[in-house]
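Here is what each chain is made of, one letter per residue.
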Amino acid sequence: MSTTPTIILIKDTRLAGVDTTRDVQNVFEKCLKEAGIESHVQAVRAADMGVYERGVVVKLLPQNVFYGNVKDEDVSLIVNKTLKKGELVEHLALRNLPSQVRVVLRNCGVINPESMEEYIQEKGYEGLRKCLLHLTPAQVIDEMKKSGLRGRGGAGFPTWMKWNLARSSVAEQKYVICNGDEGDPGAYMDRSVLEGDPHSVIEGMIIAGYAIGASKGFFYIRAEYPLAVERIHLAIKQAYEGGFLGQNILGTKFSFDLDVRLGAGAFVCGEETALMASIEGKRGTPRPRPPFPTQAGLWEKPTIINNVETLANVPVIFQRGGDWFSAIGTEKSKGTKVFAITGKVKNSGLVEIPMGITMREIVYGIGGGAADGKKVLAVQTGGPSGGVIPESHFDTPVSYEHLQELGSIMGSGGMIVMDEDDCMIDIVKFYLGFCVEESCGKCAPCRIGGYQMLKLLEKISEGNGTDQDVASIKRIAKAMQKASLCALGQTAPNPVLSTLRYFEDEYKQHIGDKKCRAGKCGKLLQYRIMPDKCKKCRLCQLKCPSNAVVGDKEKGYEVVQAKCVKCGVCYEVCKFEAVERI
Amino acid sequence: MNKSAKEGRGHPADDGRGVIKVGMSSCGIAAGAGEVFEALTKEAKGRGLNLEIKKCGCVGSCYAEPLVEVRLPCLPTVLYSRVNKEIALRILDEHIVNKRLLNDLIIDLPMKR
Ligand SMILES: Cc1cc2nc3c(=O)[nH]c(=O)nc-3n(C[C@H](O)[C@H](O)[C@H](O)COP(=O)(O)O)c2cc1C
């Protein structure tokens, strides 16, 4: 038996039924006493073990042994075999659990982000040292190619290729930009990395600068991220003091300076050409490409612009090698991806998974399934540029290609879980409304198309839609995809199109039956007073703002539909559940 | 390489002191990590405990913030979830002083680094 005391973590992971965690704990305590090792081993009830629907789960620390479906009678077996003899109880062992893999988030929650020493202790700046002292810029790009890393900012463009294009552009001055604008609703992976491990992004930028021959870099961070900005400023200062930034880095001929620019909160400023205009002090609107930034970017100089998460991957690639990195993931999607999983899911937060695991593993295995034991209907990925993935497609691997095949995109990594209480049309109205609000107005397809499409959706959600409206939506969508200036307009129709693809029935219900399954589209609801349940207390009549409840204590009350404004007050105030919403 | 770096858990207590880490990114702070950090610092001092109490970033389990990791030389490292001021004091009294872990608060997620 090891000398470090053991902890036995216990948790009943069934989602339904009586929680038996406490009972199993009691059995363990009794058993430990009988074995005479109670002073050395503690049995503790855990809050969450990241495993669900595996009965009673038990984990031994520091042995790191994981058992599932543990019954009372198994306890003595675990105590006598594993604890006393160090042997595994084979039939209880849990293997191949969906597990997070921490590459980008390797230091998040581990080190103090305000301490460069702690970053260095975790091999920080080793990758940079290797690049500057042992590799030529061309070799750096080769290693990036080997890694297979693709941009995490949305489009998935191969990072090495972007760097190589910028490297081949001849110019006295070149720039590196880190895109920390992160404006997708529900996404906050980049904020977490900037706040939790700022030096890894800085190191990635310096390596990028060396690879393309740039001497200057800019962080572009949205001003709504004050803590991220503060920590990046501090980390830059430390990196200068540590000799990782400034003149003749690590005694080489390479020099690199870093500065921070704040975004004022316009979503479109995350688009690379708009972002550069914003840094130049101009109005943040996109411009047509080509020329691409790698040819003529910031102040017309060759520029690479990479996402925060992309850059945070770079130091690890050089610490551990491109081959190590490319061993994670699928054939065309290498490495890991961080997702911000929110919505109707039990465990909302950040998850980092190897590319290629299934949506089901993410939503149920790691996310713990729906929040209140409801049924998960779909997941929305890629934010306002993405689409929905219905439950029936949850066994698809998560990678750039597979998500695209399903009509969604990886996007920056927002993942919103929807359950039976969510209405697809309502969700789509939210995303499209966001794009309409954030459209910069420069090009007509996005400015006008988005607005018109939103009006049509509103019409449908109010029960006035026709089949013709759906056809118009599809036509506008095509025009926006083809003719918009930037990806904001080009991808804004995606949520509509993907819900039309998978949830056409819901559109039909709204149009034909004038019904909203989820009860989200207020104008389609009807409130009715059920005479058999009504106690004639008159509360609904008193509270109704539009005098739509008529009747008296004798005859009872009813809702006059023509007058009803669907506010739902009657439904909420009734103490006898006599008002039904249909 | 030192042992705890190998475990991938950051700065070890070289001198054998216990370490408490509080997740202090936006999500943690929004959930009250600032108050927890303050309470731990103040009360550890008040109790004369020789501990290193420090900040770290977000491990990702935002639903369970504030998160507090406790690392003692004599016990496996654990992560407490949904910590408030009161729980923070219990961590000091029960875990740090008496070496007894708290029930119903530990989270332990499968994770490879
Ligand atoms: C409307 C719009 C918003 C965008 N917002 C972001 C963003 O917040 N962060 C980001 O990294 N990329 C964003 N992009 C993508 C960038 O234009 C660019 O492709 C990306 O920063 C490239 O980095 P990567 O190659 O590392 O992925 C946005 C694009 C569009 C069209």
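Computed from a prediction, not measured in an experiment: that's the story for all the values here.

Counted by the stated rule, this structure contains 0 disulfides over all chains. Looking at the unpaired Cys440(A), the closest cysteine sulfur is the one in Cys486(A), lying at 6.5 Å.

A separate point is the site of the ligand. All names here are of chain A. Around the ligand sit 18 residues, and of these Gly153, Lys162, Glu182, Asn307 and Thr310 come closest. At 2.8 Å, a side-chain N or O of Asn307 approaches an oxygen atom of the ligand. Contact distances for the ligand include 2.7 Å between an oxygen atom and a side-chain N or O atom of Thr310. Burial of the ligand by the protein amounts to 90% of the accessible area it has alone, namely 610 Å². The cavity where the ligand resides is the second largest pocket. Element by element, the count of residues in the shell around the ligand is highest for strand 9 (residues 303-307), at 3 residues.

Residue and element names in this part refer to chain A. We note that the domain assignment places domain 1 (6-92), domain 2 (116-326), domain 3 (336-419), domain 4 (424-513) and domain 5 (525-581) within chain A. Listed per partner, the contact involves 15 residues of domain 2 and 19 residues of domain 3. Area buried by domain 2 at its contact with domain 3 is led by Arg152, Tyr188 and Met189, which between them contribute 37% of it. The tally of links from domain 2 across to domain 3 stands at 2 salt bridges. Measuring nitrogen to oxygen at the nearest pair gives 2.6 Å for the salt bridge that ties Glu309 to Lys337. Here the residues of the side of domain 2 that touches domain 3 sort into 5 nonpolar, 6 polar and 4 charged.

What follows is about the sheet that holds strand 13 (residues 387-390) of chain A. All names here are of chain A. The sheet built from 5 strands is open, its strands ordered 11-10-14-12-13 with mixed pairing. Every other strand in the sheet has two partners, leaving strand 11 (349-354) and strand 13 as the edge strands with one partner each. Adjacent strand axes in the sheet meet at a mean angle of 30°, parallel and antiparallel pairs treated alike.

All names here are of chain A. Taken together, the side chains of Asp19, Asp23, Asp72 and Glu73 make up a negatively charged region of the molecular surface. Within the secondary structure, Asp23 sits in helix 1 (residues 21-34). Among the residues examined, Asp23 registers a relative accessible area of 41% and is labelled partly exposed.

Turning our attention to helix 13 (residues 359-366) of chain A. When helix 13 of chain A is considered as a whole, its buried residues turn out to be Met359(A), Ile362(A), Val363(A), Gly365(A) and Ile366(A). A positive phi of about 80° marks Gly368(A), the residue just after helix 13 of chain A.

For the rest of this paragraph, the subject is the side chain of Lys21(B). Among the secondary structure elements, Lys21(B) is positioned in strand 1 (residues 18-23). Of note is the side chain of Lys21(B), whose polar atom sits 2.5 Å from the backbone oxygen of Val110(A).

Attention now goes to the interface of chain A and chain B. In many analyses, interface size is given as the accessible surface area lost on bringing the parts together. Opposite the 51 residues of chain A that make contact, chain B presents 44 residues. Here chain A and chain B share an interface that buries about 3800 Å² over both sides, 50% of which is from carbon and sulfur atoms. Applying the counting rule to chain A against chain B returns 4 salt bridges. The interface formed by chain A and chain B includes 22 residue pairs in polar contact (both at pLDDT 80 or more). Ranked by the residues each element gives to the side of chain A that touches chain B, the list is headed by strand 2 (residues 41-48) of chain A, at 7 residues. Its residues assigned to classes, the side of chain A that touches chain B shows 21 nonpolar, 15 polar and 15 charged. By the bridge criterion, 2 bridges tie strand 5 (residues 100-101) of chain A to strand 6 (residues 111-112) of chain B in an arrangement that is parallel. Its bridge partner being in strand 6 of chain B, Val101(A) is matched across the sheet by Lys112(B).

Turning next to the nonpolar core. Trp163(A), Ile202(A), Ile206(A) and Phe219(A) are the most contacted members of the largest nonpolar core, which totals 70 residues. Other than its neighbours up to four places away in sequence, Trp163(A) contacts Val140(A), Ile141(A), Met144(A), Ile207(A), Ala208(A), Ala211(A), Ile212(A), Ile304(A), Asn306(A) and Val314(A). Counting residues in each nonpolar core, the second largest holds 37 residues, with Leu9(A), Val83(B), Ala88(B) and Leu101(B) among its members.

Our focus in this paragraph is unusual backbone geometry. Residues and elements named next belong to chain A. Cis peptide bonds are those with omega within 30 degrees of zero, and the linkage from Leu61 to Pro62 qualifies with 5°. With respect to the helices and strands, Pro62 occurs in the loop between strand 3 (56-61) and strand 4 (65-67). Between Arg289 and Pro290 the backbone carries a cis peptide bond, its omega angle lying at -5°. The residue Pro290 is located in the loop between helix 10 (272-279) and strand 9 in this model. In the Ramachandran plot, Glu53 falls in the positive-phi region, its phi being about 60° despite a non-glycine side chain.

Take the packing of helix 8 (residues 198-212) of chain A against helix 11 (residues 308-320) of chain A next. All names here are of chain A. Viewed as axis vectors pointing N to C, helix 8 and helix 11 meet at an angle of 75°, and their least axial separation amounts to 7 Å. In this view, helix 8 runs roughly perpendicular relative to helix 11, as classed from their interaxial angle. Facing Ser200, Val201, Glu203, Gly204, Met205 and Ile207 of helix 8, the residues of helix 11 in contact are Val308, Leu311, Ala312, Val314, Pro315 and Phe318. Considered class by class, the residues forming the contact of helix 8 with helix 11 number 9 nonpolar, 2 polar and 1 charged.

Rules of the game
- Sequence order sets the numbering: in each chain, residues are counted from 1 along the sequence as written.
- As they are written, the chains are lettered A onward and the ligands numbered 1 onward, keeping that order.
- The model is predicted, so local features are restricted to residues of pLDDT at least 70 and side-chain atom pairs to those at 80 or more, both for listing and for counting; the totals for chains, interfaces and linings are taken over all residues.
- Side-chain metrics in this entry use all non-hydrogen atoms of the structure; hydrogen atoms and water are not considered.
- Disulfide: a pair of cysteine sulfur atoms within 2.5 Å of each other.
- One heavy atom within 4 Å of a molecule or strand is enough for the residue carrying it to be called near that molecule or strand.
- Polar contacts, as used here, are pairs of N or O atoms within 3.5 Å; protein pairs need one atom able to donate a hydrogen and one able to accept it. Residues neighboring in sequence count only if both atoms are side-chain atoms.
- Each accessible area value is a Shrake-Rupley result obtained with a 1.4 Å probe; residue values ignore everything except the protein chains displayed when judging cover.
- Using a grid of 1 Å spacing that covers the protein atoms alone, one calls a set of points a cavity when a 1.4 Å probe fits there but cannot get out, and a pocket when the set is open and has protein on both sides within 12 Å along at least five of seven lines; lining residues are those with an atom within 4 Å of a point.
- Those molecules having more than half of their atoms within 2 Å of a cavity or pocket grid point set are described as sitting in that cavity or pocket.
- Elements are defined by DSSP. Helices are runs of H or I of four residues or more, strands are runs of E of two residues or more, and each kind is numbered from the N terminus.
- Here the limits of each domain have been adopted from an automatic or database domain assignment.
- By definition in these notes, contact holds between two residues if any of their heavy atoms fall within 4.5 Å.
- The buried area of a pairing is the accessible area, by a 1.4 Å probe, that goes missing from both parts when the two are put together, added over both.
- Any Lys or Arg side-chain nitrogen located within 4 Å of an Asp or Glu carboxyl oxygen qualifies as a salt bridge.
- Each residue is assigned to one of three groups, with Ala, Val, Leu, Ile, Met, Phe, Trp, Tyr, Cys and Pro labelled nonpolar, Asp, Glu, Lys and Arg labelled charged, and all others, Gly among them, labelled polar.
- Only strands joined by at least two bridges in the DSSP assignment are considered to pair.
- Helix axes are fitted only over the stretch in contact, all axes being lines through C-alpha atoms; the angle between N-to-C directions runs from 0 to 180 degrees.
- The patches reported here contain residues having more than 30% relative accessible area and no salt bridge. Joining distances are 9 Å for like charges and 5 Å for nonpolar side chains (Val, Leu, Ile, Met, Phe, Trp, Tyr).
- For the charge count, each Lys or Arg is scored as positive and each Asp or Glu as negative, with His and the chain ends excluded.
- All charge positions are set by atom: Lys at NZ, Arg at CZ, Asp at CG, Glu at CD.
- The cut-offs for exposure are 20% and 50% of the maximum accessible area for each residue type, with area from a 1.4 Å probe on protein chains only; residues under the lower value are buried, those over the upper are exposed, and the others partly exposed.
- Among buried residues, the Ala, Val, Leu, Ile, Met, Phe, Trp, Tyr and Cys ones that are joined through side-chain atoms within 4.5 Å form a nonpolar core.
- Roughly parallel here means an angle under 35 degrees, roughly antiparallel means over 145, roughly perpendicular means 65 to 115, and every remaining angle is called oblique.

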